[in-house]
Structures are given as C-alpha cells and as structure tokens.
There are 2 protein chains.
Amino acid sequence: MAEQAETLRRTPLNRDRILRAAVTLADGAGIESLSMRNLAQELGVVPMALYKHVANKDELLDGMIDVVVGEIEPLTPGVGWQPAIRRRVLSARQVLRRHPWASLAIESRSTATPAVLGYLDSMIGALRAGGLSADLTHHVMHAMGSRILGFSQELFDASRQAGRTGPTVPTPPAPLPPEVAARFPHVAEIATAAAHDTGTVVGAGCDDQFEFEFALDLLLDGIERLRAQGWTSTH
Amino acid sequence: MAEQAETLRRTPLNRDRILRAAVTLADGAGIESLSMRNLAQELGVVPMALYKHVANKDELLDGMIDVVVGEIEPLTPGVGWQPAIRRRVLSARQVLRRHPWASLAIESRSTATPAVLGYLDSMIGALRAGGLSADLTHHVMHAMGSRILGFSQELFDASRQAGRTGPTVPTPPAPLPPEVAARFPHVAEIATAAAHDTGTVVGAGCDDQFEFEFALDLLLDGIERLRAQGWTSTH
DNA sequence: ACCTGAACACCGTTCAAGT
DNA sequence: ACCTGAACACCGTTCAAGT
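A quick note: this is a predicted structure, and the numbers were derived from the prediction, not measured.

About the criteria used
Residues numbered from 1 in each chain as written. Chains lettered and ligands numbered in written order. Predicted model: local features only at pLDDT ≥ 70, side-chain atom pairs only at ≥ 80, totals over all residues. Heavy atoms only, no water. Helix = DSSP H or I, 4+ residues; strand = E, 2+ residues; numbered from the N terminus. Buried < 20%, exposed > 50% of the residue type's maximum accessible area, 1.4 Å probe, protein only. Contact = heavy atoms within 4.5 Å. Areas by Shrake-Rupley, 256 points an atom, 1.4 Å probe, with all protein chains shown as cover. Near = heavy atom within 4 Å. Polar contact = N/O pair within 3.5 Å; in protein donor to acceptor, adjacent residues only side chain to side chain. Nonpolar A, V, L, I, M, F, W, Y, C, P; charged D, E, K, R; others polar. UniProt positions renumbered as here; feature names shortened; annotations may be inferred. Buried area = accessible area lost by both parts, 1.4 Å probe. Salt bridge = Lys/Arg side-chain N within 4 Å of Asp/Glu carboxyl O. Phe/Tyr/Trp six-rings, centres within 6.5 Å; stacked < 30°, edge-to-face > 60°. Least-squares fit on C-alpha atoms with pLDDT ≥ 70 in both. Patch = residues over 30% accessible without salt bridge, like charges linked within 9 Å, V, L, I, M, F, W, Y side chains within 5 Å. Core = buried A, V, L, I, M, F, W, Y, C linked by side-chain atoms within 4.5 Å.

**Comments concerning the overall build of chain A**
Okay, step 1: Looking only at helices and strands, chain A has 11 helices and zero strands in total.
Okay, step 2: With 235 residues in all, chain A has 50% of them scored as buried.
Okay, step 3: For chain A, long-range pairs separated by at least 24 residues make up 70% of all intrachain contacts whose partners lie at least 6 apart in sequence.
Okay, step 4: Surface accessibility of chain A: about 10,300 Å² in total, with carbon and sulfur atoms responsible for 56%.

Below, the structure is given as structure tokens:
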C-alpha cells in the first residue's frame, strides 16, 4: 500500500482516483478506518486536497456506493422476469460480499444516488416487462427491500463486524457457549439442528448462499403467484 | 430537558437511569447527538462518571437496545403460529417506530445481547410449537431477518435520516423532481401509479404499514405453504 | 487563483492528581 | 478508595495565510 501511494503520488488527483482509493481502503482496513485524513495519507496528499474533488465525507460515501453499484452485472435479456431478477440480485450479492462495508453505508445514506436510481429503474422495468402491474411492482419493490441490492438484513451478520477484511478472511464459526444454550434452548436447538457448513444461527457465516437463496425464492415464488392471480391492492 | 436534569441531579446515578436518559436523548435529538459528553451533560454529571456504570459506548448502545427490546409485547398465547408471530412482529414494529435510531443501532452491533436472544428464543419456540421442523425454522429465521424485530431494510428509509425526531414529526412527502422522472421513467411510473397516502417510492413515508404487512404476509404465507408440504432442506 | 498549514469544535477514553 | 480534571489521540471542516 505504501508503494502504491508512492507510484501514484505524482499522477494528478481526481474524483475517480479518490473514490477507488476509498473503496480499496474500506475493503482492506474496514469502513471505520476510512477517514478523510487516512485517505489523504494513502493518496500521498494533504487532507484538504480531497475537498477540491468531493464536497464532504457524505459525498465521498455516495461516490463509493456508486462505484460498488457499477460493478453489478446488467440484466440478462431474453429470459423470464423471475430468472432475470434472480440472476441480477445474486450478482449484486457477489458484489456486496466483495465490499462488506457497502450495505451498512447504503442503509445509512437514505438518499438515492443516480447510479442506484438507474439500477432500481432497470429492475422495475424488468418486472413491468414480465407482466406485473405497476401497483404490484410498487409493493414488490418494497417487499424485496435491500434484497434487491443483494443483501438481506440478517439480525446478526458477521460481515458487519468492525475491522473485518472481507471474504478473503472468512470469519471462523462461533460455537454457542453452554451457558447460552442452557438459557435459550430454542436458539440452541435451531443452531445445532440445521447448522450448515460454517456457522450457527447466532454465529458467523450464517448469511450464506443457501439462506439468501431460500429467502429470495420464497419471495419470488410468492410474487409470481400473486401475478398469476392478477393480484391488486385494495386500498 | 434542562429542568429534568435539574430534578434528577441529586438522585444517584445508576445504569438504568443512564440507559433511559440515553434512549430519550436518541429519540429526541437523534442518534448522532448521543455522545458520552452530551449524555453526561443531560444527566448533570461529569462525562467520566458514566464509565462507572457502562464500560464504554458500545456497552451503552447494547443497553439501549435491550431497553427497546423490552418494550415489545410478549407472545399472545392460544393462537396459531402465524397470527402469533404476526402480532408480535407488528408490536415490535410499533416499538421500533418509537425509537427510529434503534434499527440501525441493532444492525451495527452484530453481537446478540441477552434480551435480544430471549426475544429470538421465544419466537423460535412459537414456530416450533406451530409444527415447523427445526430445519425449516432455522431457514425461516434467516429469511425473516430483521423483519422479526419489526423493521424491514427498505432501500430508502426516511426515518433513517439524521436528526429525525421520530413519528411525532412525520416526514413530508418528497415529490419526484421532473428531471429525475425523465431520466428514470420506470421509477417515475411506480412512484405515481401506486403512491399511497404520504409518499413515493423514493420519497418519505413509504415504509408504511401497508408495505410492511404486504411483505410480512408474503413471507408468512409462503412459510405456511412450506410447512403444510412438509418441506425439508436437501443439503 | 490555487494550495495548505493551523485552528476550531468536536469525539471516546486514559491517566494521574486531588480528595 | 473514590472521583474528576486535564490530557491524548483522534475526527470533519473552516479559514486565513502563504505562494
């Protein structure tokens, strides 16, 4: 990283270079290490130089989110709405797993950037083209929520832990301590009964591919059923 | 608030009083106003005095989350698993709407506190008592995700905005600007086609009761269908 | 006109001095 | 032993001084 800053020191600073460096820094050292001062140091530049290209830290985060959203694969043409949405959401999930800080950053923002709006626009277009009414599509977009961008809000998500370096260092499974298991027997039963490869219900590695696809298909199948029934909201 | 600090100044400091004051401060002034220094001032106490009762700010936040979770109504006995879960999740939603900072705080934590574990334990118990296998229950808990605690992760949630004072000051509807509508026609169609009482798909007030219940019932109905089919995971 | 060091108004937390 | 002021190591951002 030091030699990276070295080689880049004399190439002129611009918004794109700042955003890419910020994403790399957040990926590697965690979002809590991303300060204007740290980022400037990484770029071999005085902190105030950043403010020529981004108005403030919020705008920096918006730009970082747009970089991430730009990595999501475009929609596959020529397939039904359900596989089209399914593939793209799973692509978004792969991207979000490469940038573990991004989901929390997106949630904290609450204002849509142009890149995010463009992403949503194409998703809505795919649903409409698949025969869903505007009314149903509206509710479906709500019901899918953050899953549209490839992340479900699990109650306890190991990738959210501070200082995590992402999928290159998989979090070790956290076994349920005996005193916890005794106090919360139902949690314990569930944790052991269906424990898959690397985790437990309260431990790490549980937001894995299977759980995500289970929830995704539960939603997509329910939506397809509503579409086939010609469902409309009554209010 | 000043006179509140006045009357409480001489009553001895304890963990409970700190947590309640912290929740009130976060409710009223927003989570970004909750600093150890501000909280101490609100309690008429020197900042360092807090550290006698909470180890650090993270533990303070854990305690605040437990206060909030403690406000959720217990399970209704004597009804089927579906209405039981439904009622409690909707109760949790009411609670979370009183404390808009809580959902983001819960998401950022990632380690379960005893109160949260107790809540999850009783929910799992209700599902198991309703005839769901341990295997299905495990996946269901994942699929429900944060919705179990009464909040869905909407892509854009107005209540997440900094400085919001909660449901007492409802956020005004944000109409879609014409240039945005022109650039993202599908978003515009959805926003206008199914716009309900106070909002648009990218504006405020969209995470309303209807959308939440729509998604909740989509999941609960899908789950009931799996249960009736005797669904088991194949992996 | 551009760049940048110092400064401002904050943080959470440590630590040593005072009682 | 307890309490607490000052201090430390940070923040994001403003602003004025230097080129």
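Once you've had a look at it, read on.
**Points about the protein's contact with DNA strand C**
Residue and element names in this part refer to chain B.
Okay, step 1: Close contacts around DNA strand C come from 13 residues, with M36, R37, M48, Y51 and K57 the closest.
Okay, step 2: The share of sugar and phosphate among atoms of DNA strand C within 4 Å of the protein is 45%.
Okay, step 3: A distance of 3.2 Å separates a phosphate oxygen of DNA strand C from a polar atom in the side chain of S35.
Okay, step 4: Between K57 and DNA strand C, the recorded distance is 3.0 Å, taken from a side-chain N or O atom to a phosphate oxygen.
Okay, step 5: For the surface near DNA strand C, the element with the highest residue contribution is helix α3 (residues 36-42), accounting for three residues.
Okay, step 6: The residue makeup of the surface near DNA strand C, split by class, is six nonpolar, three polar and four charged.

**Some remarks on the environment of T232 of chain B**
Okay, step 1: With respect to the secondary-structure elements, T232 of chain B resides in the segment after α11 (209-228).
Okay, step 2: The exposure class of T232 of chain B is partly exposed, given its relative accessible area of 49%.

**Looking at the UniProt feature "DNA-binding region" (unreviewed entry) in chain A**
Okay, step 1: With numbering matched to this structure, UniProt assigns "DNA-binding region" (unreviewed entry) to residues 35-54 of chain A.
Okay, step 2: Along residues 35-54 of chain A the backbone is 35% helical and 0% strand, and the end-to-end C-alpha distance reaches 13 Å.

**Side note on the interface of chain A and chain B**
Okay, step 1: Of the residues lining the interface, 65 residues belong to chain A; the matching set on chain B comes to 65 residues.
Okay, step 2: Summing both sides of the interface, chain A and chain B together bury roughly 5,800 Å²; the carbon and sulfur share of this comes to 71%.
Okay, step 3: Counting across the interface, chain A meets chain B through two salt bridges.
Okay, step 4: Across the salt bridge formed by R128 of chain A and E189 of chain B, the nearest N and O atoms sit 2.7 Å from each other.
Okay, step 5: On inspection of chain A and its partner chain B, the count reaches 12 residue pairs in polar contact (both at pLDDT 80 or more).
Okay, step 6: Secondary structure elements with two or more residues in the side of chain A that touches chain B: α6 (102-109), α7 (114-129), α8 (134-144), α9 (178-183), α10 (185-193) and α11 (209-229) of chain A.
Okay, step 7: No other element matches the 10 residues that α11 of chain A contributes to the side of chain A that touches chain B.
Okay, step 8: When its residues are assigned to classes, the side of chain A that touches chain B shows 34 nonpolar, 18 polar and 13 charged.

**So, the packing of aromatic side chains**
Okay, step 1: Per the stated rule, a full pass over the model turns up four aromatic pairs over all chains.
Okay, step 2: Relative to F214 of chain A, the ring of F210 of chain A lies with its centre 6.4 Å away and its plane at 25°, an arrangement referred to as stacked. Residue F210 of chain A and its partner F214 of chain A are located together in helix α11, separated by four residues, close to a single helical turn.
Okay, step 3: In this structure F214 of chain A comes out as buried when scored by relative accessible area, which is 9%.
Okay, step 4: On the basis of an interplanar angle of 55° and a centroid distance of 5.1 Å, the ring pair of F214 of chain A and W231 of chain B is categorised as tilted.

**Observations concerning the relation of the copies chain A and chain B**
Okay, step 1: You can overlay chain A on chain B at an RMSD of 0.0 Å; the transform is a turn of 180° with a shift of 0.0 Å along its axis. Taken together, the rotation angle and the small translation identify this as a two-fold axis.
Okay, step 2: Looking at chain A, 100% of its interface residues are interface residues in chain B too, so the copies touch through the same face.

**Section: a nonpolar patch on the surface**
Residues and elements named next belong to chain A.
Okay, step 1: Side chains of V46, M48 and Y51 sit close together on the surface and give an oily, nonpolar patch of about 320 Å² of accessible area.
Okay, step 2: Mapped onto the secondary structure, V46 falls in the loop between α3 (36-42) and α4 (57-69).
Okay, step 3: Classification of V46 by relative accessible area gives exposed; the value is 55%.

**A look at the pattern of salt bridges**
Pairing between side chains of opposite charge can happen when the charged atoms of each approach one another.
Okay, step 1: Throughout the structure, instances matching the rule amount to 18 salt bridges over all chains.
Okay, step 2: The shortest N-O distance in the salt bridge between R109 of chain A and D62 of chain A comes to 3.8 Å. Of this pair, R109 of chain A sits in helix α6 while D62 of chain A is found in helix α4, placing the two residues 47 residues apart along the sequence.
Okay, step 3: Between D16 of chain B and R20 of chain B there is a salt bridge; the shortest N-O distance is 2.8 Å. Of this pair, D16 of chain B and R20 of chain B both sit in helix α2 (residues 15-29), four residues apart, roughly one helical turn.
Okay, step 4: Each member of the salt-bridge network shares a partner with another, and the members are D58, D62 and R109 of chain A.

**A few points about the nonpolar core**
Okay, step 1: The biggest cluster of nonpolar side chains holds 133 residues, and the ones touching the most others in it are L60 and M144 of chain A together with L60 and M144 of chain B.
Okay, step 2: Apart from the residues lying within four places of it in its own chain, the contact partners of M144 of chain B are I85, V89, L216, L219, L220 and I223 of chain B.

**Regarding the protein's contact with DNA strand D**
Residue and element names in this part refer to chain A.
Okay, step 1: Within the structure, DNA strand D sits among 13 residues, and M36, R37, M48, Y51 and K57 are positioned closest to it.
Okay, step 2: The sugar-phosphate share of atoms of DNA strand D within 4 Å of the protein amounts to 42%.
Okay, step 3: Side-chain polar atom of Y51 to a phosphate oxygen of DNA strand D: 2.9 Å apart, as the coordinates give it.

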